[in-house]
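In case you want the letters, here they are:
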Amino acid sequence: EPEVTQTPSHQVTQMGQEVILRCVPISNHLYFYWYRQILGQKVEFLVSFYNNEISEKSEIFDDQFSVERPDGSNFTLKIRSTKLEDSAMYFCASSPQGDQPQHFGDGTRLSIL
Amino acid sequence: AQTVTQSQPEMSVQEAETVTLSCTYDTSESDYYLFWYKQPPSRQMILVIRQEAYKQQNATENRFSVNFQKAAKSFSLKISDSQLGDAAMYFCAYKGYSGAGSYQLTFGKGTKLSVIP
């Protein structure tokens, strides 16, 4: 069964550094999402992306965050200047259409030192 | 804004027994989708079951079934014949109808399920 893949599985970064989290959505899916889960808390929506543009974003997704689909397969989340509070598990998800179930990757654990 | 509430932070069940996890939600929409996701210790998010609000029939997937009460805005998950591999964090999630233009999932805080051998 096709899967959403995320790399790396664990990223350790110094505070203030830029980090790029990578995702390869399922190939025939058109909608892409990023979610965040701070340890011990619920999963929170960050952003959705469709037709090469952001379709929706949450309050968390401020100017330090950006997303990009640089080629036909990758979907990236960039955090420009990381803060300690950015430490979390970041999940990428994709769906064939917006109203169909979202399939999640295994997540990238981001640790900010 | 929609909210999802899971009132049971932790639950336990004896292996082979049945357990029900509760979820309530708040919305002003009439059409929407509800989901249960499982998150084992490995922390991946796995879709367990989904329910379309316009369908009166409760969804079933093998040992997993839901009790969807639209008027009460309740969406509980029943796990029958519990297995050790069912031990995980379970998240209830809501998604509005696409016509409203929002596709984000809103999650509850989760219920940690332990299965006792």
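Analysis parameters
Residues numbered from 1 in each chain as written. Chains lettered and ligands numbered in written order. Predicted model: local features only at pLDDT ≥ 70, side-chain atom pairs only at ≥ 80, totals over all residues. Heavy atoms only, no water. Salt bridge = Lys/Arg side-chain N within 4 Å of Asp/Glu carboxyl O. Buried < 20%, exposed > 50% of the residue type's maximum accessible area, 1.4 Å probe, protein only. Contact = heavy atoms within 4.5 Å. Buried area = accessible area lost by both parts, 1.4 Å probe. Polar contact = N/O pair within 3.5 Å; in protein donor to acceptor, adjacent residues only side chain to side chain. Helix = DSSP H or I, 4+ residues; strand = E, 2+ residues; numbered from the N terminus. Nonpolar A, V, L, I, M, F, W, Y, C, P; charged D, E, K, R; others polar.

**Student:** Could you give an account of the pattern of salt bridges, with specific residues and numbers?
**Tutor:** All names here are of chain B. Scanning the entire structure with this criterion turns up five salt bridges over all chains. For Glu52, the salt bridge identified is with Arg50, shortest N-O distance 3.3 Å. Judged by relative accessible area, which is 28%, Arg50 ranks as partly exposed. Here Lys55 and Glu52 are joined by a salt bridge, their closest N and O atoms 3.7 Å apart. Residue Lys55 is classed as partly exposed on the basis of its relative accessible area of 39%.

**Student:** Report on the interface of chain B and chain A, specifying residues and quantitative values.
**Tutor:** Between chain B and chain A, the contact holds 20 residues from the first and 20 residues from the second. Both sides of the chain B and chain A interface together cover about 1,900 Å² of buried area, and 53% of this is carbon and sulfur. At the surface where chain B touches chain A, the tally comes to zero salt bridges. Applying the counting criterion to the chain B and chain A interface returns nine residue pairs in polar contact (both at pLDDT 80 or more). Broken down by element, the side of chain B that touches chain A gets its largest block of residues, four residues, from strand 5 (residues 32–39) of chain B. Among the residues making up the side of chain B that touches chain A, the classes are represented as nine nonpolar, seven polar and four charged.

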